[in-house]
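# Residue-level structure breakdown
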Amino acid sequence: MAEPKSLIPGAGVENASEDLKSAARVEQYRVSGKALYIPAGFRWNCIPFSAVKKAEEWHFNVTAGKCVAVTEKRPSLRLETTGGDFTFPLEKAESLEKLLAAIRAEN
């Protein structure tokens, strides 16, 4: 398995490959005690929790239909890091809670 690449310049996870193997699956992402892993094709990127300044619940709206518009509110995770802001869309509110709990346990 290739070493996951950090999305935050100057921040990384020690033994990231081993950490990724032990990470729990939360929808398409993986989360460990040290980082959030994001799929990137056949590789993985990561955001180390040490670089996270703020993690919060976010949402986005999905609108469909022309004659009768239907709007669905979906949960997402917003991370404010030392390298910029990131938003990760999710399907379930429980997934958001799991990710926030893992990040807040580290910080």
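Computed from a predicted model, the values in this text were never measured in an experiment. (Residues numbered from 1 in each chain as written. Predicted model: local features only at pLDDT ≥ 70, side-chain atom pairs only at ≥ 80, totals over all residues. Heavy atoms only, no water.)

### Describing the overall build of the chain
Selection rule: A helix here means a DSSP run of H or I that spans at least four residues, while a strand means a run of E at least two residues long, and both kinds are numbered starting from the N terminus. Relative accessible area decides the class of each residue, using a 1.4 Å probe on protein chains only: under 20% of the type maximum gives buried, over 50% gives exposed, and in between gives partly exposed. For this analysis, residues touch if any pair of their heavy atoms sits within 4.5 Å.
Across its full length, the chain holds two helices and eight strands. Per-residue burial over the chain gives 41% buried out of 107 residues. In the chain, of all internal contacts separated by at least 6 residues, the share reaching a separation of at least 24 is 42%.

### Description of the packing of aromatic side chains
Here is the rule we go by: The aromatic pairing rule takes the rings of Phe, Tyr and Trp, using the six-membered ring of Trp, and pairs them if the centres are within 6.5 Å, calling planes under 30 degrees apart stacked, those over 60 edge-to-face and the rest tilted.
One pass over the structure, following the stated rule, counts two aromatic pairs. Here the aromatic rings of Tyr29 and Phe88 are separated by 5.6 Å at their centres, their planes lie at 75 degrees, and the arrangement is edge-to-face. One end of the pair, Tyr29, is in strand E3 (residues 29-31); the other, Phe88, is in strand E8 (residues 84-89), and 59 residues separate them in sequence. Each member of the pair, Tyr29 together with Phe88, is buried. Aromatic pair Phe86 and Phe88: ring centres 6.3 Å apart, planes at 10 degrees, arrangement stacked. A relative accessible area of 7% places Phe88 in the buried class.

### Focus: the environment of Ala102
The topology assignment puts Ala102 in helix H2 (residues 93-106). For the pair Ala102 and Asn61, spaced 41 residues apart in the sequence, the C-alpha separation amounts to 25 Å. Once you skip the residues sitting within four places of it in the chain, Ala102 turns out to touch Val31, Ser32 and Phe49.

### Some points on the nonpolar core
Condition: Here, nonpolar core means buried Ala, Val, Leu, Ile, Met, Phe, Trp, Tyr and Cys residues that are tied together by side-chain atoms lying within 4.5 Å of each other.
Among the nonpolar cores identified, the biggest contains 21 residues, and Leu36, Leu77, Leu79 and Phe88 are the most heavily contacted of them. Going through the elements one at a time, E3, strand E4 (35-40), strand E6 (52-64), strand E7 (70-81) and H2 are the ones with two or more residues in this core. Sort the elements by how many residues they give to this core and H2 lands first, with five residues. Excluding anything up to four places from it in sequence, Leu79 contacts Leu36, Ile47, Val52, Lys54, Ala55, Gly84, Asp85, Phe86, Phe88 and Ile103. Grouped together as the second largest cluster of nonpolar side chains are eight residues, Val13, Leu20, Ala23 and Tyr37 included.

### Re the side chain of Ser95
The condition is simple: Side-chain atoms alone can form a polar contact between residues adjacent in sequence; in general such a contact is a pair of N or O atoms within 3.5 Å, and within protein one must be able to donate a hydrogen while the other accepts it.
By the element assignment, Ser95 lies in helix H2. Engagement of the side chain of Ser95 in a polar contact is seen with the side chain of Glu27, the distance being 2.8 Å. Not counting chain neighbours up to four residues away, the residues in contact with Ser95 comprise Val26, Glu27 and Leu90.

### Comments concerning the sheet that holds E7
Counted only if it meets this: At least two DSSP bridges between two strands are required for those strands to pair. Comment: axis = line fitted to C-alpha atoms, over the contacting stretch for helices; angle = value between 0 and 180 degrees taken between N-to-C directions.
Strand order in the open sheet formed by three strands is E6-E7-E8, with antiparallel pairing between adjacent strands. Edge positions in the open sheet fall to E6 and E8, since each of these has one partner strand only. Geometrically, the sheet is characterised by an average inter-axis angle of 30 degrees between neighbouring strands, direction not taken into account. Of the strand pairs in this sheet, E7 and E8 are connected by six bridges, and their pairing is antiparallel. Each residue of the ladder has a partner; that of Thr81, found in E8, is Gly84.

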